[in-house]
Amino acid sequence: MKYASTRGNVAGIGFIDAFMMGLANDGGLLIPEQIPQVSVAQLEQWRTLEYTELVQAIFELYVDGEIPSGELKQLIESSYATFRTPEVTPVQQLKDDLYLLELFHGPTFAFKDVALQFMGQLYSYVATKTGQKINILGATSGDTGASAIAGLRGKEGIKICILHPEGKVSRVQELQMTTVLDDNVLNLSVEGNFDDCQRMIKELFSDIDFKNKHQLAAINSINFIRIMAQTVYYFYAYFRITEPGSTKKINFSVPTGNFGDIFAGYLAKRMGLPIHKLILATNENNILERFINQGVYKPDQFKMTYSPSMDIQVASNFERYLYYVTGENTEQVKSFMQQFAEKGEIVIDSAMLAIVQAEFSAYGVAGELCLQTISKYNEETNYLLDPHSACGVAAAEQCAGQAEITVSLATAHPAKFDEAISLCGIKQTFPDAIAELSNKQQRQTKVDGDLAAITDELITFYG
Ligand SMILES: Cc1ncc(COP(=O)(O)O)c(C=O)c1O
Ligand SMILES: N[C@@H](CCOP(=O)(O)O)C(=O)O
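Since the structure is predicted, the reported quantities are computational estimates derived from the model, not experimental observations. (Residues numbered from 1 in each chain as written. Chains lettered and ligands numbered in written order. Predicted model: local features only at pLDDT ≥ 70, side-chain atom pairs only at ≥ 80, totals over all residues. Heavy atoms only, no water.)

1. Concerning the site of ligand 1
We count it as follows: Being near a molecule or strand, for a residue, comes down to having at least one heavy atom within 4 Å of it. Distance and chemistry together define a polar contact, namely a pair of N or O atoms within 3.5 Å, with one atom able to donate a hydrogen and the other to accept it when in protein, and with adjacent residues in sequence counting only for side-chain atoms on both sides. All accessible areas in this document rest on Shrake-Rupley with a 1.4 Å probe, and a residue is counted as covered only by the protein chains that are shown. Grid spacing is 1 Å over the protein atoms alone, the probe is 1.4 Å, and a cavity is where that probe fits but cannot get out, while a pocket is an open set with protein on both sides within 12 Å along at least five of seven lines and lining residues have an atom within 4 Å of a point. Just a note on the criterion: a molecule sits in a pocket or cavity if more than half of its atoms are within 2 Å of the grid points. When residues are grouped by polarity, Ala, Val, Leu, Ile, Met, Phe, Trp, Tyr, Cys and Pro land in nonpolar, Asp, Glu, Lys and Arg in charged, and all others, Gly among them, in polar.
Taken together, 15 residues sit near ligand 1, with K112, D143, G257, N258 and D261 positioned nearest. Take G257: an N or O atom from its main chain is 2.7 Å from an oxygen atom of ligand 1. A distance of 3.0 Å separates an oxygen atom of ligand 1 from a polar atom in the backbone of F259. Protein contacts shield 98% of the accessible area of ligand 1, which totals 380 Å² for the unbound molecule. Among the detected pockets, ligand 1 sits in the largest cavity. Looking at the shell around ligand 1 residue by residue, the classes come out as 5 nonpolar, 7 polar and 3 charged.

Printed below as a string of structure tokens:
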């Protein structure tokens, strides 16, 4: 298995090199040169595997022998031993045709832990094997940062700097990041929004001299390994709710911001998992809903919502999807990305839009509907959804057809977003690990939303 860039100027690189490169050196995103294909017979063999066994079966296809199987098994077992349930990502039935795939049982109570616990182990594995210093740089709207810090704190030979938008993450998310006082962790609280943070780190990764000089590595979903790890729970959920030989139409509804999680579902489908519809749920920052429904990808005014982790306009994985929807045409991807840089929009033709609409449905969930969905399910089923998961459920209700079953991704624990939960008049009990955060000392550095100021901080920190 080799990896290549969506822009065509990086190709033939192996798994570890793809992991370490993060953003492709030509500014594109890395994807596997061929998507591994899983036959129906193979799927049936995987049906009864434990979560970690399924991870190993899927990862082997992508790692392609670069990590010996025994070592890979150890990395996987250490990664998922930190979860509060052996099922790792259990599935709950909410009503007849609606299931929740709970992705928040890891250390920081968000779906990011599923990939980032593994990436923490993998960075440590590479640092130990090669003696290489690794300097991680990431941007977060709240969850990726907390999860990456939890996966990498205190790790020998590794430093991690996370940019988050000041005042635009939830109180718990901020505390999860800034109460980690290990020397290898730097939190930069940036004036601006998540898109500003993401744009600046992409600029730094695109400066190849800077990237090489400071040995920069990525933990955001620009790193293909994040996507790979997130495909596993689509398979796992499918096996939990179907019988062998099932012909049921199974949809997945995915709360979406950076298009990483739903792209993992798209990849699982292309690998051979019989997913019927991928339902893309957004909040009022609905660039992706507008793209799917109208064929125009154009950022709008940034809005602060009840689901702050999805307050994203420019979705970093969108380019990966463009690669596939153009028929793996790297020249057309480059031209689309150039149009976006110059004109601030991408417009696709009706033939391409028909392909998009055959693969995805989309619904933008307004704030009121998000809160109503939380209240409704709390009253009717006694299940407390976090505001991101509520967007997924609300979109599932809008987009699922008759005789279809939908698995909606529960991407975070409600305790992380009490700001929205309390607006519904609901008083929740916090898990101890979250309740304890407010007694801890915090450390973070405030910076202007200015690349030069951030670069100075990084040079001092990375050394
Ligand atoms: C709780 C939660 N739900 C959904 C999302 C959106 O996921 P993605 O960015 O992969 O589309 C995020 C952030 O990424 C998140 O933190
Ligand atoms: N919602 C995310 C934004 C970053 O997304 P990523 O999946 O590319 O890391 C967050 O919580 O930080």
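2. Quick notes on the sheet that holds strand β6 (residues 158-165)
Two modes of strand pairing occur in sheets, parallel and antiparallel, and in both the strands are linked by backbone hydrogen bonds. Rules: One requirement defines pairing of two strands: DSSP has to find at least two bridges between them. Going along the chain from the N terminus, every DSSP run of H or I of four or more residues is numbered as a helix, and every run of E of two or more is numbered as a strand. Lines fitted to the C-alpha atoms define the axes, with helices restricted to the stretch that makes contact. Angles between their N-to-C directions range from 0 to 180 degrees.
Taken together, the 5 strands give an open sheet; going across it, the order is β8-β5-β6-β7-β15, and neighbouring strands pair in parallel fashion. Looking at strand neighbours, the two that pair on one side only are β8 (216-218) and β15 (445-447), the edges of this open sheet. Direction aside, neighbouring strands of the sheet carry axes that sit 30 degrees apart on average. In this sheet, β8 lies alongside strand β5 (residues 134-139) in parallel orientation, the contact comprising 3 bridges. Bridge pairing in β8 places I136 opposite A217.

3. Structural notes on the UniProt feature "domain: Threonine synthase N-terminal" (unreviewed entry) in the protein
Going by this rule: UniProt positions are given in the numbering used here, feature names are shortened, and annotations may be inferred rather than shown by experiment.
Feature annotation in UniProt assigns "domain: Threonine synthase N-terminal" (unreviewed entry) to the following positions: residues 2-80. Each end of residues 2-80 is marked by a C-alpha atom, and these two atoms are 26 Å apart; helix forms 49% of the span and strand 8%.

4. Re the packing of helix α16 (residues 367-381) against helix α17 (residues 387-399)
As a reminder of what qualifies: Angle categories are assigned with fixed cut-offs, so that under 35 degrees is roughly parallel, over 145 is roughly antiparallel, 65 to 115 is roughly perpendicular, and the rest are oblique. By the convention used here, residues are in contact when the closest approach between their heavy atoms is within 4.5 Å.
Two numbers describe how α16 lies on α17: the axes approach to 9 Å, and their chain directions differ by 90 degrees. The orientation of α16 with respect to α17, classified from their angle, is roughly perpendicular. Of the residues in α17, those in contact with L369, C370, T373, I374, K376 and Y377 of α16 are P387, A390, C391, V393, A394 and E397. Of the residues belonging to the contact of α16 with α17, the class tally is 9 nonpolar, 1 polar and 2 charged.

5. Concerning the pairing of β5
Definition in use: We call a residue buried when its accessible area falls under 20% of the maximum for its residue type, exposed when it is over 50%, and partly exposed in between, using a 1.4 Å probe and counting protein chains only. A crossover gets the label right-handed when its path from the first strand over the helix to the second runs clockwise, viewed with the strands pointing away from the viewer.
In terms of residue burial, β5 counts as a mostly covered element, since 6 of its 6 residues are buried. Judged from the 6 bridges that link them, β5 and β6 form a sheet pairing that is parallel. Paired with I136 across the strands is I160, a residue of β6. Since β5 and β6 lie parallel, the crossover through helix α6 (residues 143-152) that links them has a hand, and here it is right-handed.

6. Thoughts on the environment of E284
Here E284 shows up in the loop between β10 (275-282) and α12 (287-294). In this structure, the C-alpha to C-alpha distance between E284 and Y306, residues 22 residues apart in sequence, is 9.6 Å. In contact with E284, not counting residues within four places along its chain, are K303, T305, V365, A366 and G367.

7. Description of the state of the cysteines
The condition that has to hold: When two cysteine sulfur atoms lie within 2.5 Å, the pair is treated as a disulfide.
Applying the stated rule across the entire model yields 0 disulfides. Cysteine C197 remains unbridged, with the sulfur of C161 as its closest cysteine sulfur at 10 Å. For C197, a relative accessible area of 0% translates into the label buried.

8. Concerning the pairing of strand β4 (residues 98-102)
β4 sits mainly inside the fold: 5 of its 5 residues count as buried. A two-sided burial pattern is seen for β4, the buried positions comprising L98, L100 and E102 on one face and Y99 and L101 on the other. In this sheet, β4 lies alongside strand β3 (residues 91-95) in antiparallel orientation, the contact comprising 4 bridges. Looking across to β4, one finds that Q93 is bridged to Y99. In this structure, the hairpin formed by β3 and β4 is closed by a connection of 2 residues.

9. Focus on empty space enclosed by the protein
Stated precisely, the cut-off is as follows: Grid points are joined across faces, edges and corners, and a volume is the space filled by probe spheres set on the points.
Across all of its chains, the model carries 2 cavities of 30 Å³ or more by this definition. Here the largest cavity defines a volume of roughly 300 Å³. Among the elements of the structure, α6, α10 (224-241) and α11 (260-271) are those that each provide at least two residues to the lining of the largest cavity. The leading source of residues in the lining of the largest cavity is α11, at 3 residues. Of the residues contributing to the lining of the largest cavity, the split by class is 9 nonpolar, 14 polar and 4 charged. When its volume is computed, the second largest cavity comes out at roughly 30 Å³. Contributing to the lining of the second largest cavity are F259, L280, L288, F291, I292, F318, Y321 and F360. Of all the secondary structure elements, the ones that give two or more residues to the lining of the second largest cavity are α12 and α13 (318-325). Considering every element that reaches the lining of the second largest cavity, the biggest residue donor is α12, with 3 residues. When the residues that make up the lining of the second largest cavity are grouped by side-chain class, the tally is 8 nonpolar, no polar and no charged.

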